[in-house]
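What follows is each chain in one-letter form.
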Amino acid sequence: MRTILVTGGAGFIGSAFLRYMTRRYPGECFLCADNLSYAANYAAIEPLVRAGRVQFFKADICSAEQMEPIYRIWRPQITVHFAAQSHVDRSIKDPAIFLRTNVLGTGVLLDLCRAYGSERFHYVSTDEVYGPAPRGTKFSETAPLHPSSPYAASKAAGDLLVLSYARTYGLGVTISRCANNYGPYQYPEKLIPYMIGRALRGESLPLYGDGSAERDWLYVLDHCVAIDLILQRGAAGEIYNIGAGQQKSNRAVLEALLPLVGADESRICFVADRPGHDDRYAVDTAKIERLGWRAQTAFSEGLQKTAKWYLEHSFFCSGVKREQDEK
């Protein structure tokens, strides 16, 4: 039986990963460490904790004092590291907390994995580390890193730190760089749940610039399946891109969402663009496809599932503001 520690397991992607993994591997032991910051949602994993499938620890990854007992007592063979500050707007406003969490916190975990003989440290990164992809191109895992925002730079720094521990100390590491995730339980400062919340409240729907910024949209369950496969078959020291190949502009996403939430295009408005806003992200997924993975969820299907969940949990979208609201 393996013991698997998931950091940030009460967050959007981490909680989805725990729900998926506990179903798939009923004999494994799962630990969750999360400091329950603003974007976490304990309710997303509470049934798993109550059922004894997940051991929960309220702990800050930046604190060796809080994290060390988990490693010393439980000796996890695998750490899957989701915990991060992840919203670009917040990183522009306050970069320091992104550097602390995404770089120094990652360093704390790497040192503990070394100290207690972990077999694998998997770091969940982002396609934003590559910077903007020119039209008609996709970045492979060997592309240079050109992050634009403090958030992306902090994640790129984490990537490099993880790889340095592999090269210097022989730590077994893997890295995944994922496209834009969406799905249930995502904190509603992100585009899709944010727009659903505003639509339900009868408010305007603000898009940065002209709404043409393009992202690859990856349903969160497909992401979880990909990480599981990397843990099973991925080679230590390797990086894997995870994308759905479903590039869409922010405006196209919103236009597809409107009929699902009973709104129309008259509600769309345009606001000053985000500083340093990247026009487009796109990754080449040939490497992970060779392991046997492809995204299974079409964007239209995933968006319908996502909208349905938020309509049934409308309280989850209440009271969240983004930078557009203040301009």
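First, a word on what this report is: a plain description of the structure on this page.

So, how was this worked out
- Residues numbered from 1 in each chain as written.
- Predicted model: local features only at pLDDT ≥ 70, side-chain atom pairs only at ≥ 80, totals over all residues.
- Heavy atoms only, no water.
- Helix = DSSP H or I, 4+ residues; strand = E, 2+ residues; numbered from the N terminus.
- Buried < 20%, exposed > 50% of the residue type's maximum accessible area, 1.4 Å probe, protein only.
- Contact = heavy atoms within 4.5 Å.
- Polar contact = N/O pair within 3.5 Å; in protein donor to acceptor, adjacent residues only side chain to side chain.
- Core = buried A, V, L, I, M, F, W, Y, C linked by side-chain atoms within 4.5 Å.
- Pairing = 2+ DSSP bridges.
- Axes fitted to C-alpha atoms, helices over the stretch in contact; angles between N-to-C directions.
- Salt bridge = Lys/Arg side-chain N within 4 Å of Asp/Glu carboxyl O.
- Phe/Tyr/Trp six-rings, centres within 6.5 Å; stacked < 30°, edge-to-face > 60°.
- Lys NZ or Arg CZ within 6 Å of the ring centre and 35° of its normal.

Mapped onto the secondary structure, N181 falls in strand β7 (residues 180-182). On the basis of relative accessible area, N181 is assigned to the buried category, the value being 8%. Between the C-alpha atom of N181 and that of Y219, which follows or precedes it by 38 residues, the distance is 5.6 Å. What N181 contacts, discounting residues up to four positions off in sequence, is F12, I13, Q186, L218, V220 and H223. Within the structure, the side chain of N181 is placed 2.8 Å from the side chain of H223, a separation counted as a polar contact.

Counting 36 residues, the largest nonpolar core has F17, V80 and I242 as the members making the most contacts within it. Elements with a minimum of two residues in this core: β1 (3-7), α1 (12-24), β2 (29-34), β4 (78-81), α8 (220-233) and β10 (238-242). In contact with F17, not counting residues within four places along its chain, are V6, V80, F82, C224, I227, D228 and L231.

A word on the sheet that holds β7. The three strands are arranged β7-β9-β11 in an open sheet whose pairing can be described as mixed. Looking at the sheet topology across the chains shown, the edges are occupied by β7 and β11 (247-249). For this sheet the average axis-to-axis angle between neighbouring strands, irrespective of direction, equals 50 degrees. Relative to β11, strand β9 (residues 214-219) runs antiparallel, the two sharing three bridges.

To continue, consider the pattern of salt bridges. Under the counting rule described, the total for this entry stands at 18 salt bridges. Here E68 and R72 are joined by a salt bridge, their closest N and O atoms 2.9 Å apart. Within this pair, E68 and its partner R72 are both found in helix α3 (residues 64-74), separated by four residues, close to a single helical turn. A relative accessible area of 40% places R72 in the partly exposed class. The salt bridge involving K287 is made with E238; its shortest N-O contact spans 2.5 Å. Taken together, the positions of K287 in helix α10 (residues 286-289) and E238 in strand β10 put the pair 49 residues apart, joining distant regions of the chain. Each of R135, E214 and R280 takes part in one network of salt bridges that share partners.

So, about the sheet that holds strand β6 (residues 173-178). Read from one edge of the open sheet, seven strands run β3-β2-β1-β4-β5-β6-β10, paired in parallel fashion. Where the open sheet ends on each side, the last strands, each with one partner, are β3 (54-58) and β10. The average undirected angle you get between the axes of adjacent strands in this sheet is 20 degrees. In this sheet, β3 lies alongside β2 in parallel orientation, the contact comprising five bridges. Residue pairing across strands places D34 opposite K58, the latter belonging to β3. Against the sheet, helix α6 (residues 150-169) engages β5 (120-126), β6 and β10, with an angle of about 155 degrees to β5. Sheet strands touched by α8: β4, β5, β6 and β10. Its angle to β5, the strand with the most contacts, is close to 145 degrees.

Attention shifts here to the packing of aromatic side chains. Per the counting criterion, the structure on display carries 13 aromatic pairs. Between F17 and F82, the aromatic rings sit 5.4 Å apart at their centres with planes inclined by 55 degrees, giving tilted as the arrangement. Taken together, the residues span a long stretch of sequence, with F17 in helix α1 and F82 in the loop between β4 and α4 (88-93) at a distance of 65 residues. Given the relative accessible area of 0%, F17 is considered buried. Ring geometry for Y42 versus F56: centroids 5.1 Å apart, planes at 65 degrees, classification edge-to-face. Of the two residues, Y42 is situated in the loop between β2 and α2 (46-50) and F56 in strand β3; the sequence distance between them amounts to 14 residues. Judged by its relative accessible area of 31%, Y42 is partly exposed. For F56, a relative accessible area of 22% puts it in the partly exposed group. Among the aromatic residues, those joined into a ring-pair cluster are Y182, W217, Y219 and F299. R2 extends its terminal NZ or CZ atom over the ring of Y25, reaching a point 5.5 Å from the ring centre.

Look at L36: it is not a glycine, yet its phi comes out positive at around 55 degrees. Its location among the elements puts L36 in the loop between β2 and α2. The phi dihedral of R75 falls on the positive side, at around 45 degrees, and the residue is not glycine. Inspection of the secondary structure puts R75 in the loop between α3 and β4. Taking the relative accessible area as the measure of exposure, R75 reaches 45% and is therefore partly exposed.

Treat this as a map of the structure, not an account of what it does.
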